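# Structure at a glance
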Amino acid sequence: MKSELTTTIVKTKLLPPRIGSAPLRRGRILSTLESRLDRRLTLILGPAGSGKSTLTALWRQALVQKGFDVAWYNCGSDDDEAQFVTYLTSSFGVNGLFIGADSLDIYNRYGGKSLDACLAALINDINDYAKPLYLVLEDLHDVRSPAITRFLERLLALAPPNFRLIISSRVRPSFSLLPLTVQDQLTEISFVDLRFTYEESVQFLLSRGVDTLTAAQLHALHDLTDGWAAGLQLAAFSLNKSSDPDDYLRRIAASLTSAQGNNFHEYLHESITHHVDAADIGFLAKISACRRFNRELCELITGNSSAGELLARFESDNLFLIPIESDDATPWYRFHRLFAKFLNERLLQLPEDELKKLNQLASHWFGSKGLYVEAIRHAQYAGDEAFCIELIDRAARSTINSANFVALLKWVSPLPRDKLRDRLNLLLCIGWAQLCCGRLKDFDWTLDAILEHPGTARPGTHFEVELLQAFRLNQLDDTAGALALVAPYIARKPDASALSLILLSSIAGWALLYANRFEEARDVVRSGAHAVLPERPHRPSSFADAVIGVSFLVQGNLPQARKCLLRLVEDAARSAAMSAEVERYVCGYLAEVHFQLDELVQAERLLSECGDIVDSMGPTDSVLFACRTQAHLCRVRGRPEAGARILERLEEAARRRNADRITAVCIAEQIHLEVQGRQLSIALEAMQRLRPLAAKYRARRDCAFAEIPRAASISEAQIAAALGQHGDALKILEPLIAQSESRGRLHEVALLQVRSATSHAALGDRARSLGAAGKALRIASTFSMKRVFLDEGDAALELLRELQQQDLADAERQYVERALQSAQHACEPDKGATSAAGTSSQAASLSERELEILQLLAKAFSTKNIARTLNCSVHTVKWHLKNIYSKLGTSSREGAVVTARNCRIVI
């Protein structure tokens, strides 16, 4: 963890100011905080220079002394969502806490689009942490992003009881504080509280060496500053330099109005320029170019060998020079932001060539220390493109290994592409970042530049380039092309890094899966997926393991698929931060397994807890399975229109990405829904969209693209049967069944045999009908395919009744009995939903607490998160959910939300 931080963050942003010799301990306010240390949120609010940072640091020190763990993050005005996530999740690691260790990985894995998944991972880790945990966000007013505000609001709502958030800010956060206020979980310290009392003002001045003022002068100064810490600090500095206190008090009376920033600048200018010589101001202005600095850096950029002595003197004079807590042997400092702004204005008056040289010196110094974030920033300010590229090249590999893809892409985005062509290592890292963030169009240029570089011929580099190309081809569904690239490395693995070997097994396994070589896919994954990354040794088994579960699912071996996918989730749970990401990735596949096993409640619960994966993950394979299962559940629950909307939305997203396979499968599933609902005109119109896609890929075999013409043929057969053209349907189905058998896709075989059986029955050929149905039954009963007959309607159920009269094996007979029982149960009228009016009437009887739970349910909150938000037990939430389902006439979370929206209970 430590090695990663040096390249991807500025560590001092995660450290508080050093207050070991703080003159004023603020016992009055600290006593208040002490009495409320278990509150969920503490707000310390006040204008610039009001003492927020000092009080927050004192409170942190008190908490640490009590044995509590406290993470700290100094927010900045340039903190976007990516930086916020990086620093927030890293703040715990700086303190030696492995909390949120993989949350950043989650955020980057989805190209910076999945704050919710990152939040879930962070919350899971906090939940597993045994002790109270405090997080300080200093200067939150500098954060401008609404997404970050929503993130913090949800963090407060969902985090477990052991979590406490401390915020210092000039303004109140924009999210609602009412729930916390009502629950007495908010402590607020305002400027009224922060202002020094007269006694505190006197104590502060005495600690600064101001000990000659009369009582009248002390009262006058306190009244002028109104107990404002920054005003008193400057007054102490000036009075120590002045021989006439009365003259000083008269001069500042016209320039200082307490807590008003506009007047503070004038006051600051007068106080400093009257008592600090021009050379010292010039020294301070130059070092203000750096957000943090130490003696060595100051000597370098100012050329002053006495920089250390000057820093010590300015610290002693309390000239807004703030020491930073650090384990480094040489102390680090930063300026108070008000003073930094004052100095920056003078810095910018320097000649342009001097500013450039100053930033170049700082850039090279930070770069020599491996502090690349600051080094890159100064190189950018200096306009030194060449060195900026050199720095990014140095940092790129460790940045990629720590999955910080968004940061790398942000660094290179302002650079001219042509200047990157000679940097093969950097190009390779950019390529991985672009692919992992889904930026395929940008990757095309990067790949061209890589292939033009002469260094690609080196064996190790050539292997990485082919992995990149194969990864891209898999993402584009050209799994045959990907397999051709990696096949030579499967039998004889190259001497490569752990990350490369993990990628090889994952890419090869996925390509083999779609080549219908399921056992080979599993063997490849098992042989190479468990390499341990030195950069992230705490990370659980690779996502390549998911290939094993998916291979069983595509084959139709549902019990094995469930076993493998659940084991992957359980393995990830060992690292709680990874649990949310793995569940999000696996949820589509696992939900499909649950559905086909007729475990509808488990499928619904799993999908409801995964949130909006279309927006966060895009049209990926896992999302396709998730949306398809959601659509099937909607149909089973009597809401086919809702299912169609889910598929239409994914189809639209897939078309934007030119993801033809996902587009085709979405259309095919829509056709299935419309045929089931006897909306044949809509099904025929959808078929017109599907046929051109199928024609485009008609010649493809044993790859993901082959799914497209196959989906179209299955849809053609289904429409033909719906139109009563059963002979035409059978002509399409017979070769499809043979292909499925040769490919080892048993679920497809069973499904198509059921459809073949119903068409034979419609033509009056009972022998062939029962023969095909018998074959489907044998496969379905062996592999627990409990929905195969149920989802094909009354004609398929009638076949089961006929088969029940024949001589069946025990497993087959049990299958038939359970299927018919399930069908009977599904046909029973829903007592709570006999009419819309009845539903509305029952909805009106919802209690206030039930309405609160329903609102959270509509936001896709899990049962556990609802319990945390409402500060009650999970058992209580489940009891309320049972009542909600009864009143709304439904039996599922999704059904409750749909009904509530139809009745306009929730929006």
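Bear in mind that the values here come from a model prediction, so they are computed numbers and not experimental data.

## With respect to the confidence of the model for the chain
In low-pLDDT regions, the fine details of the predicted coordinates are not to be read closely. With 87% of its residues at a pLDDT of at least 70, the chain reaches an overall mean of 85. For the stretch residues 257–261, pLDDT sits under 50, and the model shows 10 contacts to residues farther than four places along the chain or on other chains. Low pLDDT, under 50, characterises residues 829–842; the predicted model gives this stretch 16 contacts beyond four residues in sequence or across chains.

## Remarks on the sheet that holds strand β3 (residues 133–138)
Ordered in space as β2-β3-β4-β1-β5, the 5 strands form an open sheet in which the pairing is parallel. Strands at the two margins of the open sheet, each flanked by one partner only, are β2 (69–74) and β5 (186–189). With strand direction ignored, the average angle separating the axes of adjacent strands in the sheet is 15 degrees. In terms of strand pairing, strand β1 (residues 41–45) meets strand β4 (residues 163–169) through 5 bridges, oriented parallel. Following the sheet pairing, L41 is matched in β4 by L165. This element, helix α4 (residues 81–94), spans β2 and β3 of the sheet and lies at about 155 degrees to β2.

## Quick word on the nonpolar core
If you look at the biggest cluster of nonpolar residues, it comprises 243 residues, and the most contacted ones within it are L137, I272, F339, L408 and L854. Once residues within four sequence positions are removed from consideration, I272 is found in contact with L234, F237, I281, L319, F339 and F342. Formed by 18 residues, the second largest nonpolar core is a distinct cluster that contains I671, V675, A683 and I708.

## Focus: the packing of aromatic side chains
One pass over the full model with this rule turns up 18 aromatic pairs. These aromatic residues form a ring-pair network of at least three members: F293, Y333, F335, F339 and F342. If you follow R522 out to its NZ or CZ, it ends over the ring of F552, 3.9 Å from the centre. Here the basic side chain of R628 rests over the ring of F625, its NZ or CZ set 4.7 Å away from the ring centre.

## A look at the pattern of salt bridges
Taken as a whole, this structure holds 52 salt bridges when the rule is applied. Close ionic contact of R39 with D38 constitutes a salt bridge, the shortest N to O distance being 2.6 Å. Ionic pairing is found between R745 and E748, a salt bridge with its closest N-O pair at 3.6 Å. For the pair R745 and E748, one class covers both residues: buried. If you follow the salt bridges from partner to partner, you end up with E707, R710, R743, R745 and E748 in one network.

## Details of the environment of R39
Topologically, R39 is positioned in the loop between α2 (27–35) and β1. On the basis of relative accessibility, which here comes to 14%, the residue R39 falls in the buried class. Linking R39 and Q185, residues 146 residues apart in sequence, is a C-alpha distance of 4.6 Å. Once residues lying within four places of it in the same chain are set aside, the contact partners of R39 are R164, D184, Q185, L186 and T187. A polar contact of 2.9 Å, which involves the side chain of R39, links it to the backbone oxygen of D184.

Rules of the game
Residues numbered from 1 in each chain as written. Predicted model: local features only at pLDDT ≥ 70, side-chain atom pairs only at ≥ 80, totals over all residues. Heavy atoms only, no water. pLDDT = per-residue confidence, 0-100. Contact = heavy atoms within 4.5 Å. Pairing = 2+ DSSP bridges. Helix = DSSP H or I, 4+ residues; strand = E, 2+ residues; numbered from the N terminus. Axes fitted to C-alpha atoms, helices over the stretch in contact; angles between N-to-C directions. Core = buried A, V, L, I, M, F, W, Y, C linked by side-chain atoms within 4.5 Å. Buried < 20%, exposed > 50% of the residue type's maximum accessible area, 1.4 Å probe, protein only. Phe/Tyr/Trp six-rings, centres within 6.5 Å; stacked < 30°, edge-to-face > 60°. Lys NZ or Arg CZ within 6 Å of the ring centre and 35° of its normal. Salt bridge = Lys/Arg side-chain N within 4 Å of Asp/Glu carboxyl O. Polar contact = N/O pair within 3.5 Å; in protein donor to acceptor, adjacent residues only side chain to side chain.

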